[in-house]
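Each chain, letter by letter, is given below.
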Amino acid sequence: MSDAEEVTKPETTDAAAAEPETAAVEPETAAAESETAAAEPETAAAEPETAAAEPEPAPETPPKTAEETTGASAQVTTEGTESEVLPDQPANTAADGETVVPEPTGSAEQDVSVESRVPDTSDEIKLTDSDAVLIDSLQTNLSNEFDSPPPPVVEEGLDTIKVTVEKGDGTLQTLNVTIKQELLAKPFVGGWRHKESGKEYHNCFVQTLPKKYFCGETPKHCRETQTVTNKHVRSQTTSDTSTQMTKTGCWVSDRQDKIIVPGKYVTADEKFCYMLRQVIILQSYFRRWKAQRYVNSIRQDHIRRIEWEKKEEERKRKEKERRLKEEYQRRMQPLSKEDFDLVYHALELWRREEIENINATKSGPERKAALAGLMDEETQLIASIQRHKLIAKKDNGKKAKRGFLEKCAAPKEWIGFDGMPTKMDTPYTMRAKDLKMTYDSLEKRYLTREERLDILLQLKLTVKEHDCKLTKDIVELIDREADLLMRGSKEQNLEGLRQRISTLFLQYIKTPLFNAEAANLLKVPEDPSSLRKDIYYCRGCGNYLPSTDFELTTNARSIGRCRKCKNLDSEGRLREDFSRYRSLLRSIRATEESFNDHSRIIFLLTEADLRYLAENIWGAQSVLSQWEDTYDLTLVRWSRRQEWSPWNCVLLTNEEARAHSKLVKPEEAYGPVFTQKIKYRHILGKQYFSSMPKLSDYMSKNLQSVNMPLPSNAEKIMYGGRKKEEKLSLPALAEAQ
């Protein structure tokens with residue numbers, strides 16, 4: 001429904017009165033004309049519930065006489081293009097002297113009806129000229145404006161309309177639709193008039209019936225209430241008592257009587273002083289209880305502190321014993337490069353101590369003889385260390401072979417939609433698993449001749465799948481061992497031959513053509529042309545090596561020597577041990593990863609850089625407690641809001657670091673003197689590591705350009721617990737600087 005209904009005022013026209021005509025209407029003619037029914041226009045703006053449709057034929061009425069016809073009122077309407085006019089009358093005149101008065105016309109969508117009023121026969125019929133003109137123009141207006149189908153027949157508040165519907169086969173069908181009509185009298189809720197056009201617009205009235213609220217059968221009454229104001233007033237009521245004493249005719253016992261003697265009168269000041277003394281006594285007892293409670297809490301805290309210190313001392317002692325035990329075990333049975341660095345470092349400490357002892361106690365020829373003897377002992381120790389290194393190299397080689405075969409035969413693994421790891425064997429992994437089982441069988445010892453021949457036959461069938469020089473050599477060696485076994489050769493005479501077969505078969509397994517899984521684990525690329533890129537000259541050994549064989553510090557100005565030359569120089573002269581700083585660097589990186597704020601500088605530092613930072617800048621001791629044990633020290637952020645860097649760190653013990661990490665503004669907590677001391681150390685660190693910010697930005701840009709993020713936990717699981725090895729080719733050092 002629109003927001004406003006437009007009502008157009010009817011235009012009054014000057015019409016001349018038509019000449020009155022009186023004619024007797026015969027009963028037959030009057031009865032035929034009385035069968036016309038009223039019709040409404042197609043759409044009505046005032047009654048939107050009514051729909052336009054063709055009306056049903058009105059019921060026939062009995063014929064009336066001429067007097068009845070002239071005495072009753074008739075309603076003249078137009079039905080479509082048909083207009084009924086009484087016979088022997090012109091189309092522009094009213095019938096039987098009727099005076100046709102048009103109602104005010106509204107908008108094009110409003111209902112328009114014209115009523116014909118028939119005057120009584122007793123009155124004189126006089127039509128003026130204006131009435132005649134109005135009647136003459138009425139038929140023309142009706143034919144032009146009311147070209148609409150006949151209105152529906154309203155029966156008991158229901159409207160029936162006919163709707164034409166097209167069926168699926170293309171035929172048309174007319175259906176009767178019944179519409180319920182709500183006859184509501186819409187009130188006038190205001191409006192406004194257009195000043196220029198003079199049109200009136202009425203405000204909309206919603207036709208929805210008001211909501212009916214449920215009223216129960218229980219009667220409800222309303223009444224006024226008044227809030228009572230309470231007022232507390234102290235009052236003392238009278239209490240009437242009576243006494244009884246002995247008299248004539250009445251005896252009352254006086255055994256329970258008491259003699260009351262009035263005491264000393266107490267004034268108000270005396271009473272107040274007494275109350276004050278009692279209050280002071282109560283306060284003293286309360287304060288005593290409170291002080292005892294506070295002292296007990298302090299005592300409990302002190303006891304807990306002592307117990308915690310004892311536990312910490314015990315923990316530190318056990319941890320130190322465990323560390324010393326591990327170091328002793330590493331010295332006695334060195335296996336890795338770090339273990340041998342520790343051994344050489346211990347050898348260097350022993351050599352320096354002996355030299356100091358010789359210089360302090362001897363002089364002249366005795367000193368030279370003692371130094372020569374010390375050199376001989378050092379040479380023997382170095383030879384012993386080298387023998388241990390050969391044994392460790394052999395064991396590490398076996399472990400490397402075993403790890404390589406297990407990685408090749410490991411199934412593919414990833415995290416499924418349910419969060420559980422899923423494993424899958426591919427044809428490549430199954431092939432690698434078969435080769436691993438064959439190699440394990442080949443490495444077994446103490447087998448019978450028949451078992452050994454079966455293993456050799458299986459190996460021969462495996463390598464015969466490919467025809468190349470390597471497979472031919474393996475087949476030739478297999479035939480040679482089988483011939484010697486048939487001749488009854490001894491086991492110790494076949495060790496060299498079996499070792500050659502195992503080595504060639506391991507080379508066969510490492511070839512990507514025969515084992516596709518080996519391509520993901522080999523460090524040497526399949527394309528030899530890629531080895532020509534990023535080749536640098538080593539000044540120590542004089543070889544041209546790839547960039548991965550060189551280790552650079554953050555303040556390096558040139559390539560220098562390769563890793564092998566540095567290790568050889570460390571074993572011969574420096575003999576440094578970076579195990580302490582290696583563990584410190586590992587703990588700092590783990591702490592920075594927990595912040596998750598993209599800290600980058602700590603991951604560019606090496607053990608040598610961290611050693612210089614801890615020893616030369618911070619003095620290898622805590623700035624608060626001067627604790628010197630490197631295993632108990634750590635470098636934490638000075639300000640938590642900035643990433644870790646050599647100019648935003650402080651060397652503290654582990655307990656001090658935990659307390660320092662809780663400070664929001666360390667400058668206010670430590671004071672200006674201590675803060676100035678820390679700032680001076682930061683300036684030294686920033687001067688030494690001046691190239692660190694540029695190098696960090698350069699590395700981050702290159703990592704983003706090659707799209708190589710850090711591996712996630714899911715990727716580590718997917719690749720069998722190992723990181724995916726990807727080589728990043730960087731430009732020369734001069735370009736990076």
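On a predicted model such as this, the values are computed, not experimentally measured, just so you know.

### Concerning the overall build of the protein chain
When its secondary structure is counted, the protein chain shows 19 helices and 14 strands. For the protein chain, the residues scored as buried account for 25% of the 737 residues in total. Residue pairs in contact within the protein chain that sit at least 24 positions apart in sequence constitute 62% of those at least 6 positions apart. As displayed, the protein chain offers around 53,700 Å² of accessible surface, 53% of which is attributable to carbon and sulfur atoms.

### Points about the packing of aromatic side chains
With the rule as written, the count across this model stands at 11 aromatic pairs. Seen in terms of ring centroids, Trp-638 and Tyr-670 are 5.6 Å apart; in terms of plane orientation they differ by 25°. Their pairing is stacked. Taken together, the residues Trp-638 in the loop between β13 (633–637) and β14 (649–653) and Tyr-670 in helix α15 (residues 666–670) connect sequence positions 32 residues apart. Ring pairing ties together the aromatic residues Tyr-439, Phe-505, Tyr-508 and Phe-514, which thus form one cluster. Lys-686 extends its terminal NZ or CZ atom over the ring of Trp-647, reaching a point 5.8 Å from the ring centre.

### So, the confidence of the model for the protein chain
Per-residue pLDDT for the protein chain averages 74, and the proportion of residues at 70 or more is 68%. When the elements of the protein chain are averaged for pLDDT, strand β2 (residues 74–76) gives the smallest value, 35, and helix α4 (residues 268–332) the largest, 94. In the model, residues 132–155 has pLDDT below 50 throughout and makes 63 contacts with residues more than four positions away in sequence or in other chains. Counting interchain partners and residues more than four positions distant, the pLDDT-below-50 stretch residues 706–737 has 36 contacts.

### Points about helix α6 (residues 365–409)
Because each turn of an α-helix spans 3.6 residues, side chains separated by three or four positions in sequence point in the same direction. Its 45 residues give α6 an end-to-end C-alpha distance of 66 Å, which sits within 8% of 66 Å, the value for a rise of 1.5 Å per residue. Turning to α6, its buried residues are Ala-370, Leu-374, Glu-378, Ile-385, Ala-392, Phe-404, Leu-405, Cys-408 and Ala-409. The inward-facing, buried residues of α6 contact α5 (337–361), α7 (427–443) and α10 (495–510).

### Quick word on the pattern of salt bridges
The tally for this structure, following the rule as stated, stands at 38 salt bridges. For Arg-315, the salt bridge goes to Glu-312, with nearest N and O atoms at 2.7 Å. A residue pair is termed a helical-turn pair when its members lie 3 or 4 positions apart in one helix, as Arg-315 and Glu-312 do in helix α4 at three residues. The exposure class of Arg-315 is partly exposed, given its relative accessible area of 38%. In this structure, Arg-573 engages Asp-569 in a salt bridge whose closest nitrogen and oxygen atoms are separated by 2.7 Å. Pair noted here: Arg-573 and Asp-569 are both in helix α11 (residues 563–574), with a separation of four residues, about one helical turn. Look at Asp-569 and you get buried, because its relative accessible area is 13%. When salt bridges with common partners are traced through the structure, they connect Glu-312, Arg-315, Lys-316, Glu-319, Glu-655 and Arg-658 into a single cluster.

### A look at α7
Its 17 residues place the ends of α7 25 Å apart at the C-alpha level, agreeing with the 24 Å of an ideal helix rising 1.5 Å per residue. Packed against the buried residues of α7 are α6, β9 (412–415), α8 (449–463) and α10.

### Things to note about the packing of α7 against α10
Between two packed helices, the angle of one axis relative to the other and the distance separating the axes together describe the packing. The N-to-C vectors of α7 and α10 enclose an angle of 170°; their axes lie 11 Å apart at closest approach. It follows that α7 is roughly antiparallel to α10 by the angle criterion. Residues Arg-431, Leu-435, Thr-438, Tyr-439, Leu-442 and Glu-443 of α7 form the contact with α10, whose participating residues are Ile-501, Ser-502, Phe-505, Leu-506, Tyr-508 and Ile-509.

### Some details on the environment of Glu-481
Inspection of the secondary structure puts Glu-481 in helix α9 (residues 469–486). Under the relative-accessibility criterion, Glu-481 is labelled buried at 0%. The spatial distance from the C-alpha of Glu-481 to the C-alpha of Ile-501 is 9.4 Å, given a sequence separation of 20 residues. Not counting chain neighbours up to four residues away, the residues in contact with Glu-481 comprise Arg-452, Leu-456, Leu-497, Arg-498 and Ile-501.

### Structural notes on a positive patch on the surface
Taken together, the side chains of Lys-394, Lys-398, Lys-401, Arg-445 and Lys-510 define a basic patch exposed on the protein surface. Per element, the largest residue contribution to the positive patch is three residues, and it comes from α6. For Arg-445, the location among the structural elements is in the loop between α7 and α8.

### Observations concerning a nonpolar patch on the surface
Among the surface-exposed residues, Val-163, Val-165, Leu-175 and Val-177 lie close enough to one another that they form a single nonpolar patch of about 250 Å² accessible area. Secondary structure elements with two or more residues in the nonpolar patch: β5 (158–166) and β6 (172–180). Topologically, Val-165 is positioned in strand β5.

### Observations regarding the side chain of Arg-323
Turning to its location among the elements, Arg-323 is positioned in helix α4. For Arg-323, a relative accessible area of 13% corresponds to the buried category. Residues in contact with Arg-323, not counting those within four places in the same chain, are Asp-629 and Tyr-631.

### Observations regarding the state of the cysteines
Put plainly, two cysteines are in a disulfide when a covalent bond ties their sulfur atoms together. Inspection of every chain in the model, using the stated rule, returns zero disulfides. Between Cys-538, a free cysteine, and Cys-562, which holds the nearest cysteine sulfur, the sulfur-to-sulfur gap is 3.5 Å.

### Brief notes about the environment of Arg-402
For Arg-402, the position within the fold is in helix α6. Exposure remark for Arg-402: the relative accessible area of 35% places this residue in the partly exposed category. Excluding residues that lie within four positions of it along the chain, Arg-402 makes contacts with Lys-436 and Asp-440. Looking at Arg-402, its side chain comes within polar contact range of the side chain of Asp-440, at 2.5 Å.

### Observations regarding the packing of α6 against α7
Running from amino to carboxyl end, α6 crosses α7 at an angle of 150°, the nearest separation of the two axes being 7 Å. Only Thr-429, Ala-432, Lys-433, Lys-436, Tyr-439 and Asp-440 of α7 make contact with α6, whose side of the interface consists of Lys-401, Arg-402, Leu-405, Glu-406, Cys-408 and Ala-409. Of the residues that constitute the contact of α6 with α7, the class distribution is five nonpolar, one polar and six charged.

### Remarks on the pairing of β9
Here β9 pairs with strand β10 (residues 421–424) via four bridges, running antiparallel. Residue pairing in the sheet places Trp-414 in a bridge with Thr-422 of β10. The hairpin formed by β9 and β10 contains five residues between the paired strands, and Gly-419 there has a positive phi angle of roughly 85°.

### A closer look at the pairing of β14
For β14, a buried count of five out of five residues is recorded, marking the element as mostly surrounded by other parts of the structure. The two faces of β14 match: Cys-649, Leu-651 and Thr-653 on one face and Val-650 and Leu-652 on the other face are all buried. The sheet contact formed by β13 and β14 spans five bridges and is antiparallel. Paired with Leu-635 across the two strands is Leu-651, which belongs to β14.

What counts as what
Counting restarts for each chain, with residues numbered from 1 along the sequence as it is written. Totals for whole chains, interfaces and linings use every residue, but because this is a predicted model, local features are given only for residues with pLDDT of at least 70 and side-chain atom pairs only at 80 or more, for both listing and counting. No hydrogens and no water enter the side-chain calculation; it runs on all heavy atoms of the structure. Here a strand is any run of E in DSSP of at least two residues, a helix any run of H or I of at least four, and the numbering for each starts at the N terminus. Per-residue accessibility, obtained with a 1.4 Å probe over protein chains only, is compared with the maximum for each type, and a residue is labelled buried under 20%, exposed over 50%, and partly exposed between these values. Residue contacts are defined here by distance: any two heavy atoms, one from each residue, within 4.5 Å place the two residues in contact. Working definition of accessibility: Shrake-Rupley area with a 1.4 Å probe, residue cover restricted to the visible protein chains. Only rings of Phe, Tyr and Trp enter the pairing, Trp through its six-membered ring, and a pair is recorded when the two centres are within 6.5 Å. The plane angle decides the type: under 30 degrees is stacked, over 60 is edge-to-face, the rest tilted. To sit over a ring, a charge needs its Lys NZ or Arg CZ within 6 Å of the ring centre and within 35 degrees of the ring normal. Each residue carries a pLDDT score, the predictor's confidence in it, ranging from 0 to 100. What a helix should span is 1.5 Å times the count of its residues minus one. A pairing counts as a salt bridge when a side-chain nitrogen of Lys or Arg comes within 4 Å of a carboxyl oxygen of Asp or Glu. Only the stretch in contact is used when a helix axis is fitted, and all axes are lines through C-alpha atoms; the angle between N-to-C directions ranges over 0 to 180 degrees. Orientation is classified from the angle alone, with under 35 degrees giving roughly parallel, over 145 giving roughly antiparallel, 65 to 115 giving roughly perpendicular, and any other angle giving oblique. Excluding any residue in a salt bridge, patches collect residues exceeding 30% relative accessible area, merging like charges within 9 Å and nonpolar Val, Leu, Ile, Met, Phe, Trp and Tyr side chains within 5 Å. Just so you know, the count uses Lys and Arg for positive and Asp and Glu for negative, and it drops His and the chain ends. The location of each charge is read from NZ of Lys, CZ of Arg, CG of Asp or CD of Glu. The rule for a disulfide is simple: a pair of cysteine sulfur atoms within 2.5 Å. The definition of a polar contact used here is a pair of N or O atoms within 3.5 Å, where within protein one atom must be able to donate a hydrogen and the other to accept one, and adjacent residues in sequence count solely through side-chain atom pairs. Three residue categories are used. Nonpolar comprises Ala, Val, Leu, Ile, Met, Phe, Trp, Tyr, Cys and Pro, charged comprises Asp, Glu, Lys and Arg, and polar comprises the others, including Gly. One bridge is not enough; two strands pair if DSSP finds at least two bridges between them.

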